[in-house]
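Structural characterization, general
The chain contents come next:
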Amino acid sequence: GMVHKEHPYQQLVWEQGDWCLGGDLEVLERIKWDDGLDQYRLTPNELRAEFKKRKADAVFAFQLRNPIHNGHALLMSDTRRRLCERGYSNPVLLLHPLGGFTKNDDVPLNVRIEQHHAVMKEGVLDPDSTVMAIFPSPMMYAGPTEVQWHAKARIAAGATYYIVGRDPAGMKHPGHGDDIYEHTHGRKVLTMAPGLGQLTIIPFVVAAYDKTRSQMAFYDASRHEDFLFISGSKMRALARDGEEPPPGFMAPSAWEIMSSFYKNKAKMQS
């Protein structure tokens, strides 16, 4: 663990003052945000009903807090292909963007939802085999401890497979800049944690921009010089600076949504 007042979630706690309340919570009515996105905040029972309606025989979940680029889409599409090869006839993707608190430099939820729709509209992800819903949890950036909650919550929603990324729920240390958590520990913890027996963990396969093919592809170490790695931070920096990513990195209309958001943000700050 760590204590640092510039850790985003710890900062949120510190800003609440000298007292914090805890205890059991009873929710008597459904919580509505009235932000135009409530139709995506599906309960676990509603998600299970939607999967049943679509006659899904496998559900694989993917959580993200960034806009979708074609590397993400490649991983999700390839997962579906592999599940079909295992004998499933209709695997359905639960696209489950995180909808609670995130860092100040993360892209806001409403922009991400619009961007995800654009990705599906362009056919980069198949809308017929994708259920998009908001996962309302905050991002606490608590690494392997938090990722257990992420996985177990998807079991409640009916997921049978869970794609876990590199350094899930991790971030750079706000003091010295190194990774807070060892990037493989989240995946390792999920293979040992109790209560996850009915969930199969699918490791995140690294995808990068293949300069020889002008598209995102799974990284091949034997051709290291052919690949360009574009991190989430680099992606946001390109959009902020009004620059274009290489062709094939993201669906064009989805990138336009990202770019417009940062252009408008720059105008408001000027």
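Preceding block: the structure.
Let me sum up the structure you'll find in this document. Everything numeric in this text was worked out from a predicted model, so none of it was measured.

1. Structural notes on the sheet that holds strand S7 (residues 215-218)
Ordered in space as S7-S6-S8, the three strands form an open sheet in which the pairing is antiparallel. Every interior strand has two partners, whereas the edge strands, S7 and strand S8 (227-228), have only one. For strand S6 (residues 207-210) and S7, the ladder comprises four bridges, and the chain directions are antiparallel. The residue of S7 that forms the bridge with Tyr 209 is Met 216.

2. Quick word on the pattern of salt bridges
Scanning the entire structure with this criterion turns up 15 salt bridges. Close ionic contact of Asp 35 with Arg 41 constitutes a salt bridge, the shortest N to O distance being 2.8 Å. For Asp 35, a relative accessible area of 37% translates into the label partly exposed. Look at Arg 41 and you get buried, because its relative accessible area is 11%. Note that Lys 172 is salt-bridged to Asp 179, the shortest N-O span being 2.8 Å. Lys 172 gets classed as partly exposed once you look at its relative accessible area, which sits at 49%. Since its relative accessible area comes to 27%, Asp 179 is described here as partly exposed. Through salt bridges with shared partners, a single network forms among Asp 210, Arg 213, Asp 220, Arg 223 and Asp 226.

3. Focus on unusual backbone geometry
Despite not being glycine, Asp 34 has its phi angle at roughly 55 degrees, a positive value. Summarising the element assignment, Asp 34 is placed in the loop between helix H1 (8-14) and helix H2 (44-53). Look at Asp 34 and you get exposed, because its relative accessible area is 68%. For Ser 214, which is not a glycine, the phi torsion comes out positive at approximately 55 degrees. Tracing the backbone shows Ser 214 in the loop between S6 and S7. The exposure class assigned to Ser 214 is partly exposed, which follows from its relative accessible area of 39%.

4. A short note on the side chain of Asn 66
Following the sequence through the fold, Asn 66 ends up in the loop between strand S1 (58-62) and helix H3 (70-85). Taking relative accessible area as the criterion, Asn 66 reaches 18% and is therefore assigned buried. A polar atom in the side chain of Asn 66 sits 2.8 Å from the side chain of Arg 236. Every residue in contact with Asn 66, bar those within four places of it in the chain, is listed here: Asp 106, Arg 112, His 116, Met 235 and Arg 236.

5. Some details on the pairing of strand S2 (residues 91-95)
The element S2 is largely enclosed, with a buried count of five among its five residues. Of the two faces of S2, the one holding Pro 91, Leu 93 and Leu 95 and the one holding Val 92 and Leu 94 are both buried throughout. One ladder, built from five bridges, connects S1 with S2; its direction is parallel. Paired with Phe 60 across the two strands is Leu 93, which belongs to S2. Looking at chain direction, S2 and strand S3 (residues 130-132) are connected through three bridges and run parallel. Its bridge partner lying in S3, Leu 94 is registered against Val 131. Crossover S2 to S3 through helix H4 (residues 109-121) is right-handed.

How each quantity is defined
Residues numbered from 1 in each chain as written. Predicted model: local features only at pLDDT ≥ 70, side-chain atom pairs only at ≥ 80, totals over all residues. Heavy atoms only, no water. Pairing = 2+ DSSP bridges. Helix = DSSP H or I, 4+ residues; strand = E, 2+ residues; numbered from the N terminus. Salt bridge = Lys/Arg side-chain N within 4 Å of Asp/Glu carboxyl O. Buried < 20%, exposed > 50% of the residue type's maximum accessible area, 1.4 Å probe, protein only. Polar contact = N/O pair within 3.5 Å; in protein donor to acceptor, adjacent residues only side chain to side chain. Contact = heavy atoms within 4.5 Å. Right-handed = clockwise from strand over helix to strand, strands pointing away.

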